[in-house]
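Reading the structure
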Amino acid sequence: MESRNKLHSRLRLWEFPDQYVIEPADDGSGAPCLDISRVDASMKLIDQVSECKSLRVPKIHSISGVVGMLKLLAGSYLVVVTESERVGSFLGHPIFKITSLKVLPCDHSLKNSPEEQKKMETEFSKLLSVAEKTTGLYFSYQVNLTLSSQRLHDLGAESKSLPLWRQAEPRFLWNNYMLEVLIDNKLDQFLLPVIQGNILFISCFTPFFETAIGKDIVDITLIARRCTRRNGTRMWRRGADLDGYVANFVETEQIVQMNGYSSSFVQVRGSMPFMWEQIVDLTYKPKFEIVQPEEATHIAERHFLDLRKKYGSVLAVDLVNKHGGEGRLSEKFASIMQHITGDEIRLVNIPALRFHRICGHIHFERLSILYEQIEGFLEQNGYFLVNEKGDKMKEQLGVVRTNCIDCLDRTNVTQSMIGRKMLELQLKRIGVFGAEETISLHLNFDERYKILWANHGDEVSIQYSGTPALKGDFVRYGHRTTQGVLKDGWSSLVRYYLNNFADGTKQDAIDLLQGHYIVAMSRDMAPVPQKGGLEAVANFPAALAVVLISFWFATMSLKQAGSDYKHKHLFFSLLWTGICVGVAALVRANGRIFCNRPRLHKPRG
């Protein structure tokens, strides 16, 4: 990357009453400062920070970078990284995790706005406080995190000389929309590309997963890149849009580095690629609805065409149940795929009941029963491998696309199994493993590898559902545990609460940040009425109390049942019956449903 395009890695923020000044603090940089008006958010470069006078005493902070700018009705809001921590490296370059964001208002012009506009501005600006709590954000000053190792290796010299934001894959650039104003002002050295997902080595807290196999040291990294095209929360973003972009689409890259060799393997997950939804209605499992079924085949075609262009051949693994509401969706998916499958696109159905039977009663290694159905595809399409000189020895020619209903729990178990099998192939190719050697023969390595994938699944799940992944004990220990079942019960309770009483607001905040909703004043817009009476207090304390009481009774039932898994149906029946009856009674007492639905409806453009 040319020096004129190099990002500033140390910045100082000066908060004056009428302006923000962002000063590069790199050693000997002498670079111009960025001046941002707090009245109209106009930007310009200045040579140095202006002299401080008694009436203009600034607050001074160190910041890690500028994420971007958002414009609401009357004011604009600057988003900066106030705290970050180094968590490791990618291809030799430092990686940082954002631990604190801050939204800085440039809204002095709001003083002269009509009263109604002020109220709406206040309502929208509250969503930015939700945005400040966004988790799983990462950046690097030196390397493009939006591209896999293989795609970075294949970049031409001209592309590598461009600013990082211009090299970036837009669908994985979390702040793509927020950067637009800075891009228009040609502020390349202040444009910090950010991804959402996770970058883990052994855990979120340790910089490297470094494990010894015999005399060899192996570094394993997992990188998740969340797509922004249909980003959102669990119940509020399902299925696909008309362009074929799906909810909870995540690219996972597993990188192995050893003895100068570097190898990576990429797989993806994403919701079933046609339009379907679940409208939150306080039931535990809202009804599945297929939307615009006549467009389903065209939407899926667009989705798989995009995957083909980016990854090559595609093997779709469907883990959705074949009965009940899920069964209708799986049947629709299968009928659509009959028009799409061919030499380059295949579908494998692994019914959820069969999957649960395997996970519930036997050990991790028995997942090889599922692996046998996809083994040929994986061996044929391979993985990416370069030697110590950086020469490409092998490339990945296709991708496995896994889905269940949420693309979280069953999906993570399956992806961890696929990652394990591919890692064994990579270690054999490099010459570390013998022909019959497996990861399970190296107990320390095996344990830490399972933890790595379990943490990965938890992070992906928290961003979409608000809780860690279910069946995490299976990934961590290779079998189900009583503690794991109890933890899953609690996580399911929390998901229920978040779906109904919190995720609507969070979805609004995501839509604002991603530019899926552009704020504009119109005749049909009115301030959201304030809640009063029981509704003002019911949606957290009362609902949570009902949930906790139900969970306590259900836990007692489980303890009496012991380890006999045939009682788990009774457990969950008692659990969800208690929740639904209690919450429904509370809602009826109030005379209205107070589900926390998203309030933003005007699409971008």
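Residues numbered from 1 in each chain as written. Predicted model: local features only at pLDDT ≥ 70, side-chain atom pairs only at ≥ 80, totals over all residues. Heavy atoms only, no water.

1. Side note on the overall build of the protein chain
Per the secondary structure count, the protein chain includes 17 helices and 21 strands. Per-residue burial for the protein chain yields a buried fraction of 56% across its 605 residues. Across the protein chain, every contact between residues at least 6 apart in sequence was considered, and the portion connecting residues at least 24 apart equals 70%. Here the protein chain has roughly 26,100 Å² of accessible surface; of this, 51% comes from carbon and sulfur atoms. (Helix = DSSP H or I, 4+ residues; strand = E, 2+ residues; numbered from the N terminus. Buried < 20%, exposed > 50% of the residue type's maximum accessible area, 1.4 Å probe, protein only. Contact = heavy atoms within 4.5 Å. Areas by Shrake-Rupley, 256 points an atom, 1.4 Å probe, with all protein chains shown as cover.)

2. Quick notes on the pattern of salt bridges
Per the counting criterion, the structure on display carries 21 salt bridges. Ionic pairing is found between Arg-171 and Glu-251, a salt bridge with its closest N-O pair at 4.0 Å. One end of the pair, Arg-171, is in the loop between helix H4 (164–167) and helix H5 (180–184); the other, Glu-251, is in strand E13 (residues 250–258), and 80 residues separate them in sequence. When sorted by exposure, Arg-171 lands in the same class as Glu-251, which is buried. In this structure, the salt-bridge partner of Arg-225 is Glu-253, at a minimum N-O distance of 2.9 Å. One end of the pair, Arg-225, is in strand E12 (residues 216–226); the other, Glu-253, is in strand E13, with 28 residues separating them in the sequence. When sorted by exposure, Arg-225 lands in the same class as Glu-253, which is buried. (Salt bridge = Lys/Arg side-chain N within 4 Å of Asp/Glu carboxyl O.)

3. Remarks on the confidence of the model for the protein chain
Summarising the model, the protein chain shows a mean pLDDT of 83, and 78% of its residues fall at 70 or more. In the model, residues 527–538 has pLDDT below 50 throughout and makes 17 contacts with residues more than four positions away in sequence or in other chains. This stretch, residues 584–595, has a pLDDT under 50; its non-local contacts, to residues over four places away or in other chains, come to 21 contacts. (pLDDT = per-residue confidence, 0-100.)

4. Digging into the nonpolar core
If you look at the biggest cluster of nonpolar residues, it comprises 37 residues, and the most contacted ones within it are Ile-220, Ile-374, Leu-378, Ile-418, Leu-423 and Leu-427. Broken down by secondary-structure element, the contributors of at least two residues to this core are E12, E13, strand E17 (313–318), helix H9 (368–371), helix H10 (375–381), helix H11 (409–430) and helix H12 (443–465). For this core, the element with the most residues is H11, which contributes 7 residues. In terms of nonpolar packing, the next biggest core, distinct from the first, is built from 31 residues, Leu-73, Met-120, Met-178 and Tyr-517 among them. (Core = buried A, V, L, I, M, F, W, Y, C linked by side-chain atoms within 4.5 Å.)

5. Overview of unusual backbone geometry
For residues other than glycine, phi is negative in most cases, and the peptide bonds are mostly trans. The backbone of Leu-282 sits at a positive phi, close to 80°, despite the residue not being glycine. The topology assignment puts Leu-282 in the loop between strand E15 (276–278) and strand E16 (288–290). A positive phi angle is found at Gln-292, which is not glycine, with a value near 45°. Here Gln-292 lies in the loop between E16 and helix H6 (296–311).

6. Section: the packing of helix H1 (residues 115–131) against helix H15 (residues 503–514)
At a closest axis distance of 9 Å, the pairing of H1 and H15 adopts a crossing angle of 95°. The angle between H1 and H15 places the two elements in the roughly perpendicular class. Note on element contacts: H15 touches H1 through Thr-505, Lys-506, Asp-508, Ala-509, Leu-512 and Leu-513, opposite Phe-124, Leu-127, Val-130 and Ala-131. Class assignment for the residues of the contact of H1 with H15 results in 7 nonpolar, 1 polar and 2 charged. (Axes fitted to C-alpha atoms, helices over the stretch in contact; angles between N-to-C directions. Parallel < 35°, antiparallel > 145°, perpendicular 65-115°, else oblique. Nonpolar A, V, L, I, M, F, W, Y, C, P; charged D, E, K, R; others polar.)

7. Let's talk about the pairing of strand E7 (residues 76–90)
By the bridge criterion, 6 bridges tie strand E6 (residues 65–71) to E7 in an arrangement that is antiparallel. In the sheet register, Gly-68 faces E7, and the bridge partner there is Val-79. Taking the residues between adjacent antiparallel strands as the criterion, E6 and E7 are bridged by 4 residues. Of the strand pairs in this sheet, E7 and strand E8 (residues 93–106) are connected by 13 bridges, and their pairing is antiparallel. Note on E8: the bridge partner recorded for Leu-78 is Leu-104. The turn linking E7 back onto E8 is made up of 2 residues, and Leu-91 within it adopts a positive phi angle of 55°. (Pairing = 2+ DSSP bridges.)

8. Things to note about the environment of Ser-42
Its place among the elements puts Ser-42 in the loop between strand E3 (33–37) and strand E4 (43–46). Once residues within four sequence positions are removed from consideration, Ser-42 is found in contact with Asp-35, Ile-36 and Ser-37. Within the structure, Ser-42 has its side chain in polar contact with the side chain of Asp-40 (distance 2.9 Å). (Polar contact = N/O pair within 3.5 Å; in protein donor to acceptor, adjacent residues only side chain to side chain.)

9. Some points on the side chain of His-456
Structurally, His-456 is set in helix H12. For His-456, a relative accessible area of 0% corresponds to the buried category. At a separation of 3.2 Å, a polar atom in the side chain of His-456 contacts the side chain of Thr-252.

10. Observations regarding the packing of H11 against H12
Helix-helix packing: each pair is described by the crossing angle between the helix axes and the interaxial distance. Viewed as axis vectors pointing N to C, H11 and H12 meet at an angle of 140°, and their least axial separation amounts to 10 Å. Judged by the inter-axis angle, H11 sits oblique to H12. As H11 runs across H12, the sense of the crossing is right-handed. Facing H11, whose interface residues are Asn-412, Gln-415, Ser-416, Gly-419, Arg-420, Leu-423 and Leu-427, H12 presents Phe-445, Asp-446, Tyr-449, Lys-450, Trp-453, His-456 and Gly-457. Here the contact of H11 with H12 is composed, by residue class, of 5 nonpolar, 6 polar and 3 charged. (Left-handed = near helix turned anticlockwise from the far one by under 90°.)

11. Considerations on the pairing of strand E10 (residues 195–200)
The buried fraction of E10 is high, at 6 of 6 residues. Taking every second residue as pointing to the same face, both faces of E10 are buried, with Ile-195, Gly-197 and Ile-199 on one and Gln-196, Asn-198 and Leu-200 on the other. Relative to E10, strand E9 (residues 137–139) runs antiparallel, the two being bridged by 2 bridges. Bridging across to E10, Leu-137 finds its partner in Gln-196.

12. So, the sheet that holds E3
Read across the sheet, 5 strands follow the order E4-E3-E2-E1-E5 without closing on themselves; strand pairing throughout is antiparallel. Looking at strand neighbours, the two that pair on one side only are E4 and strand E5 (59–63), the edges of this open sheet. Mean inter-strand twist for the sheet, computed between neighbouring axes without regard to direction, equals 25°. The pairing of E3 with E4 spans 4 bridges and is classified as antiparallel. Note that in E4 the partner of Leu-34 across the bridge is Leu-45.

13. Describing the side chain of Glu-251
With a relative accessible area of 3%, Glu-251 lands in the buried category. For Glu-251, the side chain forms a polar contact with the side chain of Tyr-311, separated by 2.5 Å. Not counting the four nearest positions on each side in its chain, Glu-251 is found in contact with Ser-148, Arg-171, Phe-172, Ile-223, Ala-224, Arg-225, Val-266, Gln-267, Val-268 and Tyr-311.

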